[in-house]
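An overview of the molecular structure
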Amino acid sequence: MAIFDRLFARRKIREELSAEMCAHLEEKTRELMDAGTPPREAEFAVRRLFGNTTKIEELGREVWRLPKLESLIADVRFALRGMRKNPGFAAVAVLTLALGIGANTAIFSVVNAVMLIPLPYSHPERLAMLWTDNAALNLHEVGTGYPIIEEWRRLNSNFSALAVCSRNHPVSMGTSEGTERLDGAAVSGNLFDVLGVAPELGRAITADDEKQAARVVVLSHGLWVRRFGADPDAVGKSAVLNGHTTTIVGVMPDAFKFPSDKEELWEPVTSLQGWENSRTYVNSHFWIAIGRLKPGSTVAAAQAEMTGIGHILERKFPVSDNEKNSSVSFGVNVVPFSLQFVPPSARRALWILFVAVGFVLMIALANTANLLFARGIAREKEFALRLALGAGRTRLARQVFVEGLVLAALSAAAGMGIASIANRLLIASAPRVAGLAGSLRVDSRVLLFTVGCALISACVCGFAPLWAASGRAPQESLKESSRGIAGNRNKRFFRNALVTCEISLALVLLTGTGLLVRSLLRIERLKLGFDPSNVLMMKLEFPRSKSDAQTLAFYNSFIQRVNSLPGVRASGVINSFLIESNPDVVITVEGGVMPEAGQLEDDVVSAGYFTAMGIPLVAGRLFSFEDSRTGQPVAIVNETMAERFWPDTNPVGMRFRYGDAASREPWITVVGVVGDVHRQGLEREVIPQFFLPHSQSPGPGMLRDMTLMVKTSVEPKALARPVRDAAWSLDKTVSIYRVETLETEMSRLLAARKFNARALSTFAAIAMLLAAVGVYGLLRYLVGERTQEIGIRLTLGASSGQVFRMIMCQAGWLVGAGVLIGGAGSIGLARVMGAMLYGTDGIDAIALVAASTAICAVGLIASYIPARRAMKIEPVLALRQE
């Protein structure tokens, strides 16, 4: 018989056994009657022969039963009945655990998507990125010159192959309206083989394509869908890229993202304009390398070998003293490929959030344990009665554990729902998680994690009531009142310790939140040096076929047209507003030696740039039309450059030039000083910067990629279309992209910090709420436990105020102990979070004091209601209580 029949058809089995037994009795009775025995005597004789038929039926049923499984089902039913009889208790316990399990599941799903799900490549554990490492400038992931990568290929023995990819390869694709700018990558012919990824359609770029300098391109899945409507026949068609007719040979899978998630197409390295120069330029930072380790090789072994190769290349390619002051280096940093997609700062923040939700789960478990502990004390007589009737302690423990398991299972189910909602909120608000929407799913890892949380919860939920009811013989529990644990110091200490633990963990979370919020406020209060309000940003890029004279003429006409648009107050262009590289320009100051080594940025700007950005003029003047007419090299420097290169001197009228002391470059005269601007990120110190008129661009191609800044008196986005039309009316080949407001760009810089602060604030608020519930629940129970004692105190003359102070003092000890322990933990947390903080190297006293004050206030407020209840106890009624 099937197991399900044995479980759910027990009545049918009993009826069949009874019918069979009756048939046997009737058959034997009939045989005796046929032999001449009277019917009544025959019936009695048969019954005497068979014995106790009821017992026989029971023994027969035992053969078909699954006693352990049926006992388990009975325990589950008993647990559900108990929860149905106490719906308030069940709801509080389930909701408390569900919050903890749901928050942990949500954050773990992000950890899983970011760091645990295998990358969509063949044997990704054998892939590694190779970067130039410059320890002197604290730069560890710098691009590399192509000749250096060729030497790496020739000299290494740990990699089976090394592939090459460009760091930045913008591509212009012709459209019906104008030109669309796309992020692309120039790659070596073996890249896709090294990664071990096959195209979704067509073929990949091959070594023959590289060798023959073929004009071919592989599209990303997103670009194929967006521009070609997911047409399978797109493979083999042509597209105009950077003015050249190029054949589409393949489409990559949707999951393929390399070297970042921005690239939409891949071309052979030989398709680059200026490829012959790039392949021989040693001190370039344009290329990155990715290698596949040989079977048995490790990243550590490869790192050791590449460090030695770096020393060899340092001797082979000597650099000048001038270059030694720059970012030229032959150090090598080998990074596991799995670490390349998530920056260390993001990993650290994610793990801190994961630990934070772990604290929330611990607080939820402590709270639930306290609830079940009190319920276990109330059930002491019930457990004693079961033991007295013959139930073993093992059987009783199993029943209590099943009750905890049912509670944990319901909490886990509710927690999955909470996690689903939390994931949607994460996708909507998190800066990096938004791109992982497809990866935030319940896979085997997330499911096992949730089950693990549920099992831990079940153990806690089973242990607490069982221990609460243990310690006394059944006859003692049945004779005496089982209410209270006043006589058991260990149990009283256990409950107090749980609440103290809740308070300390909540304080650690609250302090961490305070540290992040204060860091965020410090950054937001920084003087940016410019006014981001009502500024429209727009990137413009020309094809390489355009000469500098053509691009200069375009910008002169274009800026005039933009300034004539209604709602425009000022406009100007700059190379790139945000400095994303590590500039290392070398100059020589007239009348002195070369300045000390350090970062220095140069930019070309139009005359209206400083006005459009609201950058104040500190000394001298701004650029004028006369500067472009005379051609006399001039520059405007920022305050940091003025202080570093001309300390205690007015820099206006001073001169400098590019290069070292032997340079023959023309002298550049400083005509003005402007205020410092945070362009390398809000958290980094301002570096020296100087600006040249765009009509005096110091090198070819500097005007090819510029950023337009438009100060408006209306909503900036409303001018996006008119400004774009003005550009395309002058030249259809100009690519326009990244059209957004400057305020949006600046808020993006703080998005990660704001998300971390919001997430930790949410967890801290949940932790405080749970801690307050824990304090309230414990004191409410203790007041009920000490009702007779309080009645005696009041009878002997104690005032209600003294009773109130007694209960509040007890709460104060609990909260104070939690604050002391949590304060020590907060100091350790501050050290761990050091890299995430700004403006402090250690614990922030204000954050710690504010968090401690908030925890004390919440704890004492939670204590007020039980203390007031104790004041109002009637002595006569209290003394009559059992």
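These numbers come from a predicted model, not from an experiment.

Secondary structure summary: the protein chain contains 30 helices and 23 strands in total. Burial analysis of the protein chain (882 residues in total) assigns 49% to the buried set. Across the protein chain, contacts joining residues at least 24 apart in sequence account for 81% of those joining residues at least 6 apart. For the protein chain, the exposed surface amounts to about 41,500 Å²; the carbon and sulfur share of it is 58%.

It is worth spelling out the pattern of salt bridges at this point. For the structure on display, the rule yields 18 salt bridges. One salt bridge connects Arg679 with Asp603, and the closest N-O pair in it is separated by 2.9 Å. Placement of the pair is Arg679 in the loop between strand 20 (668-674) and strand 21 (689-693) and Asp603 in strand 16 (residues 601-605), with a sequence separation of 76 residues. We note that Arg679, like Asp603, is buried.

Predicted confidence across the protein chain gives a mean pLDDT of 80, with 85% of residues reaching 70 or more. pLDDT under 50 marks residues 482-487. Its contacts with residues more than four places away, or in other chains, come to 18 contacts.

Right, let's get into the pairing of strand 22 (residues 705-712). Strand 22 sits mainly inside the fold: seven of its eight residues count as buried. Bridge count for strand 13 (residues 535-541) against strand 22 is seven bridges, and the pairing is antiparallel. Looking at strand 22, one finds that Val535 is bridged to Lys711. Summarising the sheet, strand 14 (residues 568-574) and strand 22 pair through six bridges and their orientation is antiparallel. Looking at strand 22, one finds that Gly572 is bridged to Met709.

Let us now look at the pairing of strand 3 (residues 159-166). Summarising burial for strand 3: six of the eight residues are buried, a large majority. Note: strand 3 against strand 11 (residues 287-293), seven bridges, orientation antiparallel. Looking at the pairing, Ala161 lines up with Arg292 of strand 11.

Here we take up the packing of aromatic side chains. The way to describe two aromatic rings as a pair is by their centre distance and the angle between their planes. Counted by the stated rule, this structure contains 27 aromatic pairs. Ring centres of Phe610 and Phe623 lie 6.4 Å apart, and the angle between their planes is 55°; on these two criteria the pair is classed as tilted. Note that Phe610 is positioned in helix 21 (residues 609-613) and Phe623 in the loop between strand 17 (617-620) and helix 22 (625-630), a separation of 13 residues in sequence. Residue Phe610 is classed as buried on the basis of its relative accessible area, which comes to 1%.

Take a nonpolar patch on the surface next. Together, Phe401, Leu405, Leu447, Val451 and Leu455 line one region of the surface with nonpolar side chains, adding up to about 400 Å² of accessible area. The set of elements that each furnish at least two residues to the nonpolar patch consists of helix 16 (393-429) and helix 17 (444-469). With three residues, helix 17 is the largest single contributor of residues to the nonpolar patch. Within the fold, Leu447 resides in helix 17. Given a relative accessible area of 47%, Leu447 falls into the partly exposed group.

What follows is about the nonpolar core. With 84 residues, the main nonpolar core has Phe354, Leu407, Leu509, Leu516, Leu760, Phe763 and Ile855 as its most contacted residues. With residues up to four places along the chain from it excluded, the contact list for Leu509 reads Ala356, Phe359, Val360, Leu760, Phe763, Ala764 and Ala767.

This part is about the environment of Arg153. Within the element layout of this structure, Arg153 appears in helix 7 (residues 146-155). Its relative accessible area of 30% is what places Arg153 among the partly exposed residues. For the pair Arg153 and Ala289, spaced 136 residues apart in the sequence, the C-alpha separation amounts to 9.9 Å. With sequence-adjacent residues up to four places away left out, Arg153 is seen in contact with Tyr146, Leu162, Ala163, Val164, Ser188 and Asn190.

Our focus in this paragraph is a positive patch on the surface. Together, Arg77, Arg81, Arg84 and Lys85 give the surface a local cluster of positive charge. By secondary structure assignment, the location of Arg77 is in helix 5 (residues 67-85).

In this section: unusual backbone geometry. That bond from Phe258 to Pro259 is cis: its omega, -5°, falls within 30 degrees of zero. Even without being glycine, Ala213 reaches a positive phi, approximately 55°. Tracing the chain through its elements places Ala213 in the loop between helix 9 (207-212) and strand 7 (216-219). In this structure Ala213 comes out as partly exposed when scored by relative accessible area, which is 40%. Phi at Asp648 takes a positive value of approximately 60°, unusual for a residue other than glycine. Structurally, Asp648 is set in the loop between helix 23 (639-645) and strand 19 (655-658).

Of all the positions in helix 25 (residues 742-749), only Leu742, Glu745 and Met746 are classed as buried. In a view along the axis of helix 25, the buried residues occupy a sector of 95°, so they form one face of it.

Looking at where Asn104 falls in the secondary structure, it is placed in helix 6 (residues 87-116). On the basis of relative accessibility, which here comes to 3%, the residue Asn104 falls in the buried class. Non-local contacts of Asn104, meaning those with residues more than four positions away in its chain, are made with Phe354, Val357, Gly358, Leu361 and Phe449.

All right, on to the environment of His221 then. Relative to the assigned elements, His221 resides in helix 10 (residues 221-228). A sequence separation of 44 residues divides His221 from Leu265, and the C-alpha atoms of the two residues are 9.2 Å apart. Ignoring anything within four residues of it in the chain, the contact list for His221 reads Glu200, Val251, Met252, Pro253 and Asp254. Of the polar contacts made by the side chain of His221, one reaches the side chain of Glu200; its length is 2.9 Å.

A separate point is the side chain of Thr500. One can find Thr500 in helix 19 (residues 489-524). Sequence-distant contacts of Thr500, defined by excluding residues within four places in its chain, comprise Leu814, Ala817, Gly818 and Ile821.

An α-helical segment advances 3.6 residues per turn. Residues three or four places apart therefore align on the same side. A rise of 1.5 Å per residue sets the reference length of helix 12 (residues 299-316), with its 18 residues, at 26 Å; its end C-alpha atoms lie 25 Å apart and thus fit the reference within 8%. Of the positions making up helix 12, those classed as buried are Ala302, Glu305, Met306, Ile309, Gly310 and Leu313. Buried residues in helix 12, looked at end-on, bunch into an arc of 155°, giving them a common side. Facing away from the buried side of helix 12, by more than 90 degrees, are the exposed residues Ala300, Ala304 and Arg315. If you follow the buried residues of helix 12, they end up packed against strand 1 (127-134), helix 7, strand 3, strand 11 and strand 12 (331-336).

Between helix 27 (residues 787-795) and helix 28 (residues 800-832), the least distance of the axes is 10 Å, while the angle of their chain directions is 145°. The two elements helix 27 and helix 28 cross, and the hand of that crossing is right-handed. Where helix 27 abuts helix 28, its residues Glu789, Ile790, Arg793 and Leu794 lie against Ser800, Val803 and Met806. Each residue belonging to the contact of helix 27 with helix 28 can be placed in one class, and the counts come to four nonpolar, one polar and two charged.

What counts, and where the lines are drawn
Residues numbered from 1 in each chain as written. Predicted model: local features only at pLDDT ≥ 70, side-chain atom pairs only at ≥ 80, totals over all residues. Heavy atoms only, no water. Helix = DSSP H or I, 4+ residues; strand = E, 2+ residues; numbered from the N terminus. Buried < 20%, exposed > 50% of the residue type's maximum accessible area, 1.4 Å probe, protein only. Contact = heavy atoms within 4.5 Å. Areas by Shrake-Rupley, 256 points an atom, 1.4 Å probe, with all protein chains shown as cover. Salt bridge = Lys/Arg side-chain N within 4 Å of Asp/Glu carboxyl O. pLDDT = per-residue confidence, 0-100. Pairing = 2+ DSSP bridges. Phe/Tyr/Trp six-rings, centres within 6.5 Å; stacked < 30°, edge-to-face > 60°. Patch = residues over 30% accessible without salt bridge, like charges linked within 9 Å, V, L, I, M, F, W, Y side chains within 5 Å. Core = buried A, V, L, I, M, F, W, Y, C linked by side-chain atoms within 4.5 Å. Lys, Arg positive; Asp, Glu negative; His and termini not counted. Charge placed at Lys NZ, Arg CZ, Asp CG, Glu CD. Arc of directions from axis to C-beta. Polar contact = N/O pair within 3.5 Å; in protein donor to acceptor, adjacent residues only side chain to side chain. Expected span 1.5 Å × (residues − 1). Axes fitted to C-alpha atoms, helices over the stretch in contact; angles between N-to-C directions. Left-handed = near helix turned anticlockwise from the far one by under 90°. Nonpolar A, V, L, I, M, F, W, Y, C, P; charged D, E, K, R; others polar.

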